[in-house]
Amino acid sequence: MAVATGKIKSMGAAKSPLLGFAMFSPAILYIVLVIGLPFVMAVFYAFSDARIGSNELHFVGLENFRSIIQSPSFQKSLQNSIVFTIASQVIVMVCANILAIALEKPFRGRGLVRFLILLPWVAPVSLGTIGWKWILDSIYSVITWVLVWLHLVKPFDTPMWLGEPRLAMTSVVLVHCWRLIPFSTVILLAGRTAIPKEIPEAAAIDGAGFWRTTFQINLPMMKPIIAVALLFGTIFTFTDMTVVYILTAGGPFDSTQTLPSFAFATGITGSDLAAGAAVSVFLVPVLVLIAYLMLRMAHRAEMA
Amino acid sequence: MAVVSTRNLTKVFKEGELGAVNNVNLETREGEFLVFLGPSGSGKTTLLRMIAGLETPTAGEILIGGKVVNDLTPRERRIAMVFQSYALYPHLTVYKNIAFPLKAQNVPKDQHKQKVEWASSLLGIGDLLQRKPRELSGGERQRVALARAIVREPSVFLLDEPLSNLDAKLRLSAREELERFHRRVGTTTIYVTHDQVEAMAMGDRIVVLNKGVVRQLGSPKEVYDDPADTFVATFLGSPPMNLIENADVICGFRPEHFRLAEDMKETAKINFQFRVENMEYLGAEYILSGNIVGGKVDGKKVIARLLLGHSFELGKTYDFAVPERHLKFFDVKTEVKVAPRPLTWQ
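Residues numbered from 1 in each chain as written. Chains lettered and ligands numbered in written order. Predicted model: local features only at pLDDT ≥ 70, side-chain atom pairs only at ≥ 80, totals over all residues.

Engineer: Any chance you could explain the overall build of chain B here in plain terms?
Structural biologist: Scanning chain B from terminus to terminus reveals eight helices and 18 strands. Projected onto its principal axes, the C-alpha coordinates of chain B cover approximately 75 × 45 × 35 Å. (Helix = DSSP H or I, 4+ residues; strand = E, 2+ residues; numbered from the N terminus.)

Following this line, the structure appears as structure tokens:
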């Protein structure tokens, strides 16, 4: 005991408990101001009748929640959010796994390929998405141009990538995947390299081919890390509105509206702060549940 | 069962550098327990991995059962391998670990249970089948790895230092068990180790490797009693053989042959004055190290290994001798064994 306190004292921490507090206060301050305060305010507004441009504020109980749940736009947004999240996570997991397998073994130019694949994640989201807005534009789309050139579509009857409900949703999902794949690839690559190399070797000697080794050995061993990638991916997707907002702003006819973009459209653009806050607060229990399930899955896989 | 042989087998990892394995020519015998022995970096594991098909040779051929297998995958070579780390599948139960090779090689499903039970009872792990690898001790893991190797009845067994992860006590019993196991199944086995005691105890024959080159291939008795060069002479035996340069040869003799002159029955012997500088008492024997005093090799450091029954004092000089028939001779330049020749020592 004497030895332990002596050691701490010599480092100066025990003498002034304030120092320790001072050291991590910037982090606490940051979290309180940037995350804590807005969160508390959102909860507060969700139970009020706050509107932009109005000085009055009354407590209205669950009235905001009742009205948004009945709103068709909200129901559509919730449904879209679920479709958007599940579809993009399925695509991201499949592509990220394929990329992780391809990038695991060394080959000439692997460093360059890894760098290129990481680019969408490193570049600012808004810039990348604006690029996609041009690629998917109704008049200037390069994709359309290529399809016309290949005689796959007629020049005056081209697909409206962001203008037709089905196509718009597909485009939004794919652009979001483009942005998330690098992140998941890096996580899964780390997971793959953590598998001792004797294990796939033992599988090869035991007679397993590529598919059996992948599905019965490597992927099950990567379960915890896949759960982590899925958790982050789901949260990033469920709470993100950048891609939707820039590409379609939720349109056409709410066909790509997700909960975050709906909250923004209602609360900020539509100046009904209280309703927007209620939509955002609605996300909290959903995300807590997702996080809980994923973490439990990761924990179980670790124990198994 | 099959014979494994290699022809001029070479592996170079980096072009322009010395190969990890150089021009190795070997042939196992039917049902033999062959040991690859060498220090770390000697190429013994690389050699084994090439035979397994996990490493592609730079040059040369590998034959299993008389057929060139260079282009065959590990699966097609019908071999089984036990890794140093055992490489058990951590997410599968012991049963599923052992059944995995059967599944992978499309053995009909109704035979799995019976075969797994046969392999696990052979190794005495029948009651561990529902456990996961992390719930097993080191010795149990090793047995599971062996069971997984034997379950598909391979033609050749490859073992890569399977005992090195066990503690000293367990290692001894696991070694005995492996020996008994090999006698029972009689499959041709190649065993890699850096432990000379393991090699001597288990091997029918030993391949001594250094820097990717086979230094000697022979029975444990041959490599110990009649080493092909100074590397083999000093790598085997603990403490190692004493080497003394005299005229144009290197003379070698084992510490246990360096004894008190008065105890020696042999008449043809070479006498030395030996000053004891250090003494280790090991229970059943003494290890004495010190210097030779006087004569042509004055000041040479040598080691003696003696049974109890005498007492020695540090710093004192005693009359020691080596029987002439136990002297080994090596060329000074090539360090390779040469014919015995008469030498003067005084």
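Engineer: Looking at this structure, I do not really get the overall build of chain A. What am I missing?
Structural biologist: Along chain A, the regular secondary structure elements total 14 helices and zero strands. The order of helices and strands in chain A, counted from the N terminus, is α-α-α-α-α-α-α-α-α-α-α-α-α-α. Its C-alpha radius of gyration of 25 Å places chain A more than 25% over the 19 Å reference for a compact globule of 304 residues. With 304 residues in all, chain A has 31% of them scored as buried. Residue pairs at least 24 apart in sequence account for 67% of intrachain contacts in chain A once pairs closer than 6 positions are excluded. (Rg over C-alpha atoms; globule rule 2.2 N^0.38 Å. Buried ≥ 20, exposed ≤ 12 C-beta atoms within 10 Å, placed from the backbone. Contact = placed C-beta atoms within 7 Å.)

Engineer: Looking at this model, I keep getting lost on the packing of helix α5 (residues 110–122) of chain A against helix α8 (residues 165–193) of chain A. Mind explaining?
Structural biologist: Axes are the key here: two packed helices are described by the angle between their axes and the distance separating the axes. Residues and elements named next belong to chain A. It is the contact of α5 with α8, at a shortest axis distance of 7 Å, that shows an interaxial angle of 120°. Comparing the axis directions of α5 and α8 gives the class oblique. For the pair α5 and α8, the crossing hand works out as left-handed. Across from Ile-117, Leu-118, Pro-120 and Trp-121 in α5, the residues of α8 making contact are Trp-178, Arg-179, Pro-182, Phe-183, Thr-185 and Val-186. Looking at the contact of α5 with α8 residue by residue, the class counts come to eight nonpolar, one polar and one charged. (Axes fitted to C-alpha atoms, helices over the stretch in contact; angles between N-to-C directions. Parallel < 35°, antiparallel > 145°, perpendicular 65-115°, else oblique. Left-handed = near helix turned anticlockwise from the far one by under 90°. Nonpolar A, V, L, I, M, F, W, Y, C, P; charged D, E, K, R; others polar.)

Engineer: Where do I start with the sheet that holds strand β14 (residues 269–281) of chain B in this structure?
Structural biologist: Working definition: the strands of a sheet are paired by backbone hydrogen bonds and lie parallel or antiparallel to each other. Residue and element names in this part refer to chain B. Judged by pairing direction, the sheet is antiparallel, and its five strands sit side by side in the order β13-β17-β14-β15-β16 without closing on themselves. What marks the edges here is a single partner per strand, and that holds for β13 (259–260) and β16 (301–307). In the sheet, β14 pairs with strand β17 (residues 317–323) via seven bridges, with the strands oriented antiparallel. Considered in β17, the bridge of Arg-275 is made with Thr-317. (Pairing = 2+ DSSP bridges.)

Engineer: Would you mind showing me how to read the sheet that holds strand β3 (residues 33–37) of chain B here?
Structural biologist: Residues and elements named next belong to chain B. The six strands lie next to each other as β6-β7-β8-β3-β9-β10, forming an open sheet whose pairing is mixed. If you trace the sheet from one side to the other, it starts and ends with β6 (79–82) and β10 (213–218), each paired once. Across the sheet, the mean angle separating the axes of adjacent strands is 15° when strand polarity is ignored. Inspection of the sheet shows strand β7 (residues 156–160) paired to strand β8 (residues 188–193) by five bridges, in the parallel sense. Paired with Asp-160 across the strands is Val-192, a residue of β8. Helix α4 (residues 138–150) rests against β6 and β7 of the sheet, and its axis sits at about 175° to β6.

Engineer: Got a minute to help me understand the pairing of β7(B) in this structure?
Structural biologist: All names here are of chain B. Of all five residues in β7, five are buried; the element is thus mostly enclosed. Across four bridges, β6 lies against β7 in parallel orientation. Residue Val-82 lies in a different strand from β7, and its bridge partner there is Leu-159. The handedness of the β7 to β8 crossover, carried by helix α5 (residues 168–185), is right-handed. (Right-handed = clockwise from strand over helix to strand, strands pointing away.)

Engineer: Is there a simple way to explain the environment of A:Asn80 in this structure?
Structural biologist: Residues and elements named next belong to chain A. Note on placement: Asn-80 falls in helix α4 (residues 72–104). Using a count of 22 C-beta atoms within 10 Å as the deciding quantity, one classes Asn-80 as buried. Between the C-alpha atoms of Asn-80 and Gln-257, which are 177 residues apart in sequence, the distance is 6.5 Å. Discounting residues that sit within four places of it in the chain, Asn-80 has contacts with Thr-256, Gln-257 and Thr-258.

Engineer: Quick question: what am I supposed to make of the pairing of β8(B) here?
Structural biologist: Looking along a regular strand, one sees the side chains alternate between the two faces of the sheet. Residue and element names in this part refer to chain B. Counted residue by residue, β8 has six buried out of six residues, so it is predominantly covered. Judged by which residues are buried, β8 turns out to be covered on both faces: Thr-188, Ile-190 and Val-192 on one side and Thr-189, Tyr-191 and Thr-193 on the other are all buried. In terms of strand pairing, β3 meets β8 through five bridges, oriented parallel. Paired with Leu-37 across the strands is Thr-193, a residue of β8.

Engineer: Hey, could you run me through the environment of B:Tyr89 in this one?
Structural biologist: Locating B:Tyr89 in the fold gives a position in the loop between β6 and α2 (94–104). Residue B:Tyr89 is classed as buried on the basis of its 21 C-beta neighbours within 10 Å. With sequence-adjacent residues up to four places away left out, B:Tyr89 is seen in contact with A:Ile199, A:Ile217, B:Asn97 and B:Phe100.

Engineer: Explain the environment of B:Glu177 to me, please; I cannot follow it from the model alone.
Structural biologist: All names here are of chain B. Looking at where Glu-177 falls in the secondary structure, it is placed in helix α5. When the 16 C-beta atoms within 10 Å are taken as the criterion, Glu-177 is described as partly exposed. Through-space distance from the C-alpha of Glu-177 to that of Leu-123 is 8.8 Å; in sequence the pair is 54 residues apart.

Engineer: I keep staring at the interface of chain B and chain A and nothing clicks. Help me out?
Structural biologist: For an interface, size is often stated in terms of accessible area lost upon the parts coming together. Contacts between the two partners involve 17 residues from chain B, matched on the other side by 15 residues from chain A. Mapped by element, the contributors of at least two residues to the side of chain B that touches chain A are β6 and α2 of chain B.

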